[in-house]
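Chain by chain, the residues:
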Amino acid sequence: MASATYLSNPKVTINSVDLQDMCSAATLNVVFEALEDTAFGSTQRTYVSGLGNHELTLTLYMSYAASETYATLSTLVGTQTTVRVQPTSAVDSATNPGFILTGTYLETLPVLNASLGELSTIDITFQGGAYTVDTTNP
Amino acid sequence: MKYRIVSPRVGTPGEIYEPEVWVNIGVLLSGGFIVPAEDVPQEDDKPAKTKGKTKPLSEEN
(Lines give C-alpha, C1' and ligand atoms only; values in the text may rest on other atoms or scores of the structure.)
Protein backbone atom coordinates (compact mmCIF):
# COMPACT_ATOMS: atom_id res chain seq x y z
CA MET A 1 0.00 0.00 0.00
CA ALA A 2 1.31 3.37 -0.96
CA SER A 3 2.20 5.73 1.84
CA ALA A 4 2.11 9.47 1.43
CA THR A 5 3.16 12.22 3.75
CA TYR A 6 1.14 15.33 4.28
CA LEU A 7 3.18 17.90 6.14
CA SER A 8 1.13 20.78 7.40
CA ASN A 9 3.07 21.56 10.53
CA PRO A 10 6.81 21.51 9.93
CA LYS A 11 8.93 23.34 12.46
CA VAL A 12 11.37 25.97 11.26
CA THR A 13 13.93 27.70 13.44
CA ILE A 14 16.53 30.20 12.31
CA ASN A 15 19.29 31.05 14.77
CA SER A 16 17.07 29.37 17.41
CA VAL A 17 14.11 31.67 16.58
CA ASP A 18 10.93 29.71 15.87
CA LEU A 19 9.34 31.01 12.67
CA GLN A 20 6.92 28.14 12.13
CA ASP A 21 3.88 30.40 12.09
CA MET A 22 5.45 32.67 9.48
CA CYS A 23 6.59 29.97 7.09
CA SER A 24 4.46 28.53 4.30
CA ALA A 25 7.02 26.49 2.36
CA ALA A 26 10.37 24.89 3.04
CA THR A 27 12.69 22.89 0.80
CA LEU A 28 15.96 21.45 2.02
CA ASN A 29 18.16 19.95 -0.66
CA VAL A 30 21.09 17.86 0.49
CA VAL A 31 23.64 18.15 -2.29
CA PHE A 32 27.07 16.66 -2.74
CA GLU A 33 28.78 17.94 -5.86
CA ALA A 34 29.42 15.22 -8.40
CA LEU A 35 33.04 14.78 -9.45
CA GLU A 36 33.48 12.79 -12.59
CA ASP A 37 35.92 9.92 -12.37
CA THR A 38 35.19 8.31 -15.71
CA ALA A 39 38.36 6.84 -17.16
CA PHE A 40 39.55 5.03 -20.25
CA GLY A 41 37.92 1.68 -20.41
CA SER A 42 34.67 2.97 -18.95
CA THR A 43 31.49 2.39 -20.86
CA GLN A 44 29.46 4.92 -18.91
CA ARG A 45 30.18 8.08 -16.98
CA THR A 46 30.73 7.65 -13.25
CA TYR A 47 30.96 10.11 -10.42
CA VAL A 48 32.19 10.37 -6.88
CA SER A 49 31.06 12.68 -4.12
CA GLY A 50 32.65 16.09 -3.86
CA LEU A 51 31.96 18.93 -1.49
CA GLY A 52 28.62 19.22 0.24
CA ASN A 53 26.66 22.22 -0.99
CA HIS A 54 23.33 22.06 0.76
CA GLU A 55 20.54 24.55 0.34
CA LEU A 56 17.43 25.47 2.29
CA THR A 57 14.77 27.63 0.69
CA LEU A 58 11.99 29.11 2.80
CA THR A 59 8.90 31.11 1.96
CA LEU A 60 8.06 33.41 4.83
CA TYR A 61 5.33 35.91 5.46
CA MET A 62 6.95 39.27 5.95
CA SER A 63 6.34 41.21 9.12
CA TYR A 64 8.19 44.20 10.47
CA ALA A 65 6.74 43.88 13.99
CA ALA A 66 8.93 43.09 16.99
CA SER A 67 10.26 39.52 17.10
CA GLU A 68 8.91 38.74 13.64
CA THR A 69 10.43 37.96 10.27
CA TYR A 70 12.35 41.16 9.62
CA ALA A 71 13.72 41.37 13.17
CA THR A 72 14.94 37.79 12.87
CA LEU A 73 16.63 38.11 9.50
CA SER A 74 17.76 41.71 9.12
CA THR A 75 21.05 41.22 10.93
CA LEU A 76 21.63 37.69 9.65
CA VAL A 77 21.98 38.60 6.00
CA GLY A 78 25.60 38.35 4.94
CA THR A 79 26.45 36.08 7.86
CA GLN A 80 26.50 32.42 8.75
CA THR A 81 23.89 30.97 11.05
CA THR A 82 22.24 27.71 11.97
CA VAL A 83 18.83 26.67 10.69
CA ARG A 84 16.74 23.69 11.58
CA VAL A 85 13.66 22.16 9.97
CA GLN A 86 11.56 19.26 11.17
CA PRO A 87 8.55 17.45 9.70
CA THR A 88 6.46 18.23 12.81
CA SER A 89 6.83 20.25 15.99
CA ALA A 90 7.12 17.10 18.11
CA VAL A 91 10.41 16.13 19.74
CA ASP A 92 13.26 14.68 17.71
CA SER A 93 12.93 11.02 16.85
CA ALA A 94 13.66 8.62 14.05
CA THR A 95 10.24 9.40 12.60
CA ASN A 96 10.54 13.14 13.18
CA PRO A 97 14.16 13.93 12.39
CA GLY A 98 15.55 17.40 12.86
CA PHE A 99 17.45 18.48 9.75
CA ILE A 100 20.14 20.99 10.67
CA LEU A 101 22.40 23.22 8.62
CA THR A 102 25.17 24.64 10.79
CA GLY A 103 27.18 27.60 9.52
CA THR A 104 24.89 28.16 6.56
CA TYR A 105 25.05 31.45 4.70
CA LEU A 106 22.22 33.88 3.99
CA GLU A 107 23.28 35.84 0.95
CA THR A 108 20.12 37.73 0.07
CA LEU A 109 17.24 39.18 2.05
CA PRO A 110 14.37 40.79 0.15
CA VAL A 111 13.45 43.52 2.60
CA LEU A 112 10.29 44.47 0.71
CA ASN A 113 8.10 42.38 -1.56
CA ALA A 114 4.67 43.88 -1.80
CA SER A 115 1.76 43.49 -4.16
CA LEU A 116 -1.57 45.25 -3.84
CA GLY A 117 -4.16 43.10 -2.14
CA GLU A 118 -1.77 40.32 -1.15
CA LEU A 119 0.04 39.34 1.99
CA SER A 120 3.71 40.11 1.65
CA THR A 121 5.96 37.06 1.41
CA ILE A 122 9.65 36.62 0.82
CA ASP A 123 11.73 33.71 -0.41
CA ILE A 124 15.12 33.27 1.21
CA THR A 125 17.83 30.72 0.62
CA PHE A 126 20.46 29.48 3.02
CA GLN A 127 23.49 28.05 1.25
CA GLY A 128 26.21 25.71 2.39
CA GLY A 129 27.02 24.72 5.93
CA ALA A 130 27.34 21.37 7.62
CA TYR A 131 24.36 19.07 7.31
CA THR A 132 23.36 16.87 10.23
CA VAL A 133 20.27 14.92 11.25
CA ASP A 134 19.17 14.83 14.86
CA THR A 135 16.94 11.93 15.86
CA THR A 136 17.50 12.03 19.60
CA ASN A 137 15.23 13.76 22.07
CA PRO A 138 17.33 16.47 23.77
CA MET B 1 26.60 35.92 30.87
CA LYS B 2 22.97 34.99 31.34
CA TYR B 3 20.05 36.07 29.24
CA ARG B 4 16.35 36.20 29.81
CA ILE B 5 13.78 35.33 27.16
CA VAL B 6 11.55 38.14 25.94
CA SER B 7 10.01 36.66 22.80
CA PRO B 8 8.03 33.40 22.79
CA ARG B 9 9.77 32.59 19.53
CA VAL B 10 12.87 31.51 21.44
CA GLY B 11 11.20 30.02 24.52
CA THR B 12 9.06 30.90 27.49
CA PRO B 13 9.23 34.64 28.25
CA GLY B 14 10.82 35.37 31.59
CA GLU B 15 12.86 32.18 31.71
CA ILE B 16 16.62 32.12 31.55
CA TYR B 17 17.88 31.57 28.02
CA GLU B 18 20.73 29.13 27.67
CA PRO B 19 21.99 29.42 24.12
CA GLU B 20 23.47 26.61 22.10
CA VAL B 21 27.07 27.22 21.08
CA TRP B 22 26.08 27.99 17.50
CA VAL B 23 23.53 30.69 18.32
CA ASN B 24 24.40 34.24 17.27
CA ILE B 25 23.56 36.03 20.53
CA GLY B 26 24.12 39.49 19.06
CA VAL B 27 21.32 38.95 16.57
CA LEU B 28 18.91 37.85 19.29
CA LEU B 29 19.83 40.83 21.48
CA SER B 30 19.53 43.39 18.72
CA GLY B 31 16.22 41.88 17.60
CA GLY B 32 14.82 42.10 21.13
CA PHE B 33 14.30 38.35 21.48
CA ILE B 34 16.36 38.18 24.67
CA VAL B 35 17.86 40.64 27.13
CA PRO B 36 20.76 40.34 29.56
CA ALA B 37 19.36 38.67 32.67
CA GLU B 38 20.28 41.51 35.05
CA ASP B 39 18.11 43.94 33.06
CA VAL B 40 14.89 42.21 34.08
CA PRO B 41 14.35 41.80 37.81
CA GLN B 42 12.13 38.78 38.37
CA GLU B 43 10.01 37.53 41.24
CA ASP B 44 12.00 34.31 41.36
CA ASP B 45 15.06 36.29 42.48
CA LYS B 46 13.36 37.11 45.81
CA PRO B 47 13.18 33.69 47.49
CA ALA B 48 16.95 33.61 47.74
CA LYS B 49 16.87 36.71 49.98
CA THR B 50 14.02 35.31 52.08
CA LYS B 51 15.89 32.09 52.53
CA GLY B 52 18.87 33.99 53.95
CA LYS B 53 16.72 35.77 56.51
CA THR B 54 14.99 32.66 57.79
CA LYS B 55 18.18 30.74 58.33
CA PRO B 56 19.23 32.51 61.57
CA LEU B 57 15.76 31.91 63.04
CA SER B 58 16.00 28.19 62.48
CA GLU B 59 19.43 28.17 64.09
CA GLU B 60 18.01 29.80 67.22
CA ASN B 61 15.45 27.03 67.57
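Each remark here, short or long, concerns the structure printed above.
Residues numbered from 1 in each chain as written. Chains lettered and ligands numbered in written order. Predicted model: local features only at pLDDT ≥ 70, side-chain atom pairs only at ≥ 80, totals over all residues.

### Examining the overall build of chain A
Step number 1: On a plain count of helices and strands, chain A comes out with one helix and 10 strands.
Step number 2: The N-to-C order of helical and strand elements in chain A reads β-β-β-β-β-β-α-β-β-β-β.
Step number 3: The C-alpha extent of chain A, read off along each of the three principal axes, is 60 × 35 × 30 Å.
Step number 4: Residues classed as buried in chain A amount to 21% of the 138 residues present.
Step number 5: Looking at chain A alone, contacts between residues at least 24 apart form 63% of all its contacts between residues at least 6 apart. (Helix = DSSP H or I, 4+ residues; strand = E, 2+ residues; numbered from the N terminus. Buried ≥ 20, exposed ≤ 12 C-beta atoms within 10 Å, placed from the backbone. Contact = placed C-beta atoms within 7 Å.)

### Looking at the interface of chain A and chain B
Step number 1: Of the residues lining the interface, 13 residues belong to chain A; the matching set on chain B comes to 14 residues.
Step number 2: Within the residue set of the side of chain A that touches chain B, elements represented by two or more residues are β2 (17-18), α1 (69-73) and β7 (80-86) of chain A.
Step number 3: Broken down by class, the residue content of the side of chain A that touches chain B amounts to four nonpolar, eight polar and one charged. (Nonpolar A, V, L, I, M, F, W, Y, C, P; charged D, E, K, R; others polar.)

### Observations regarding the sheet that holds strand β3 (residues 34-36) of chain B
Residue and element names in this part refer to chain B.
Step number 1: Taking strand neighbours across the sheet as the criterion, the three strands line up as β2-β1-β3 in an open arrangement whose pairing is antiparallel. Of all the strands in the sheet, the pair left with one neighbour each is β2 (16-17) and β3.
Step number 2: By the bridge criterion, two bridges tie strand β1 (residues 3-5) to β2 in an arrangement that is antiparallel. Bridge assignment links Tyr3 to a residue of β2, and that residue is Tyr17. (Pairing = 2+ DSSP bridges.)

### Quick word on the nonpolar core
Step number 1: With 26 residues, the main nonpolar core has A:Leu19, A:Leu56, A:Val83, B:Val10, B:Phe33 and B:Ile34 as its most contacted residues.
Step number 2: Elements supplying a minimum of two residues to this core: β1 (11-14), β6 (55-61), β7, β8 (98-106) and β9 (121-127) of chain A together with β1 and α1 (25-30) of chain B.
Step number 3: Beyond its immediate sequence surroundings of up to four residues, B:Val10 is in contact with A:Ser16, A:Val17, B:Ile5, B:Tyr17, B:Leu28, B:Phe33 and B:Ile34. (Core = buried A, V, L, I, M, F, W, Y, C linked by C-beta atoms within 7 Å.)

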